[in-house]
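# Remarks on the overall topology
Residues per chain, in single letters:
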Amino acid sequence: MEEASGVLRKGFLVKRVREPSPKGRILLDGCTITCPCLEYETRPLVIKLKTKTNTEYFLESCSREERDSWALDITGAIHAGHPVQVQHLHRMKNSFKLPSNISLNHIVDKMHDNSCGIKMTPNVEQGNTYKETFTGSAVVDWLISNNFSASRLEAVTLASMLMEENFIRPIGARSTEAMRSGNLAEQFLDDSTALYLFAESYKKKTNSKEELHLSILELSGTIVKQGYLVKQGHKRKNWKVRRFVLRAEPAFLHYYDPTKEENRPVGGFSLRGSLVSALEDNGVPTGVKGNVQGNLFKIITKNDIHYYIKASSKAERAQWIEAIKRLT
């Protein structure tokens, strides 16, 4: 209560509490950040910062989500004076663009490397001990750390390809059940409780019956678009990741097996007289097997052969449909 000019006034006084001074600080200008940092096998939630004076700091988060969120914000702060780089970082967070020259054999060979490969350890699930295994989240961290993927979405897609092509396989109830669920987007789990191991024979042999005799003419066209899509097989109706290459003059669409070292298509067809259209995103369309929904489109050749293909997003699907329509 205070008195002013003979008038009594009532009110509250708020005492300002000074915030404690920081115990230390890190100058981010010129810093480099490593996330995930795999220097400590048993500490997967660590971020490494290295200053321009070569001082190293190791910061540990409570979860992978928190770790990745901090890493993105710190990287943004490091490049705060470069808005174009900051925009690029935010785009990369949810990017889905695998390099066109990717080789699954090369990735698996490096995963097996004793010095820089993925670390295999005994893991316990529901009372069962599995030797020489690794977790789904460890695979994703390793793919990002070794620059095979720019985001967790890309890494999960790559890991799904490795599993689909029998380079790695699930072990234990959680990962096995996910693979059997039939939902393509959730077959590989970015999870520290989902276990995987290397398949006994991770280098598949080429089946001579599947050799495709291609004329020089159909491969001589100009490449107008290429990228990774998921295609439904004609016989077993299973879904596999394929690298698609769209060529003009003559108009052909070829698809490649990313597990094969040789740059040779495993299939392809002429686009002349073909029809291409988007499929409904609600429910499983007619002709599509498995619980695969969303971002699907269909190509019907002039010989009435139906191809069912899945893109990673509506925007990517629209781009492929538009590019193909120009050549039909």
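This report concerns the structure included in the present document. (Residues numbered from 1 in each chain as written. Predicted model: local features only at pLDDT ≥ 70, side-chain atom pairs only at ≥ 80, totals over all residues. Heavy atoms only, no water.)

### Some details on the sheet that holds strand β6 (residues 121–125)
Short version of the rule: One requirement defines pairing of two strands: DSSP has to find at least two bridges between them. The secondary structure listing takes helices from DSSP runs of H or I that are at least 4 residues long and strands from runs of E that are at least 2 residues long, numbered from the N terminus. To obtain each axis, a line is fitted to C-alpha atoms, and for helices this fit is confined to the stretch in contact; angles are then taken between N-to-C directions over 0 to 180 degrees. For this analysis, residues touch if any pair of their heavy atoms sits within 4.5 Å.
Read from one edge to the other, the open sheet built from four strands follows the order β6-β7-β9-β8, with strand pairing classed as antiparallel. Strands at the two margins of the open sheet, each flanked by one partner only, are β6 and β8 (168–171). On average, each strand axis in the sheet is inclined to that of its neighbour by 55 degrees, with strand direction left out of account. Those strands touched by helix α6 (residues 173–180) are β6, β8 and β9 (195–198), and its axis lies near 115 degrees from that of β8.

### A word on the nonpolar core
This is how the line gets drawn: Remark: nonpolar core denotes a set of buried residues (Ala, Val, Leu, Ile, Met, Phe, Trp, Tyr, Cys) joined through side-chain atoms within 4.5 Å. Buried, partly exposed and exposed residues are distinguished by accessible area as a fraction of the type maximum, computed with a 1.4 Å probe on protein chains only: under 20%, between the cut-offs, and over 50%, respectively. Per the annotation, domain bounds derive from an automatic or database assignment of domains.
Core analysis: the biggest nonpolar cluster contains 36 residues, and Ile107, Leu143, Leu162 and Phe188 have the highest contact counts within it. Elements that contribute at least two residues to this core include exactly α3 (104–112), α4 (136–145), α5 (152–164), β9, β10 (222–232) and β11 (239–248). Looking at which element gives the most residues to this core, the answer is α5, with seven residues. For this core, the two domains that each supply at least three residues are domain 2 (104–202) and domain 3 (221–326).

### Examining the packing of α3 against α5
Our working definition: Orientation labels follow simple angle bins: below 35 degrees gives roughly parallel, above 145 gives roughly antiparallel, 65 to 115 gives roughly perpendicular, and whatever is left gives oblique. Residue type decides the class: Asp, Glu, Lys and Arg count as charged, Ala, Val, Leu, Ile, Met, Phe, Trp, Tyr, Cys and Pro as nonpolar, and the leftover types, Gly among them, as polar.
Contact geometry of α3 with α5 gives a least axis separation of 11 Å together with a crossing angle of 95 degrees. It follows that α3 is roughly perpendicular to α5 by the angle criterion. In contact with Leu104, Ile107, Val108 and Met111 of α3, α5 contributes Leu158, Met161 and Leu162. For the contact of α3 with α5, the per-class residue count stands at seven nonpolar, no polar and no charged.

### Observations regarding the sheet that holds strand β3 (residues 32–34)
Pairing within the open sheet is antiparallel, and its three strands lie in the order β3-β4-β5. Sheet topology places β3 and β5 (56–60) at the edges, where each strand pairs with a single neighbour. Between one strand axis and the next, the sheet turns through 20 degrees on average, direction left out of account. Note: strand β4 (residues 46–50) against β5, five bridges, orientation antiparallel. Within the sheet, the bridge partner assigned to Ile47 lies in β5 and is Leu59. The sheet strands contacting helix α1 (residues 64–78) are β3, β4 and β5, and the helix crosses β4 at an angle near 15 degrees.

### Description of the side chain of Ser61
In this fold, Ser61 is placed in the loop between β5 and α1. On the accessibility criterion, Ser61 (11% relative accessible area) is buried. Each residue touching Ser61, except ones within four places of it in the same chain, is listed here: Leu45, Ile47, Glu66 and Arg67.

### Considerations on the side chain of His254
As a reminder of what qualifies: Any N or O atom pair separated by 3.5 Å or less is treated as a polar contact, with the protein-specific requirement of one donor-capable and one acceptor-capable atom, and with residues adjacent in sequence counted only for side-chain atom pairs.
Among the structural elements, His254 can be located in strand β12 (residues 252–256). Exposure remark for His254: the relative accessible area of 0% places this residue in the buried category. Polar side-chain contacts of His254 include one of 3.0 Å to the side chain of Arg247.

These values are about where atoms sit, not about what they do.
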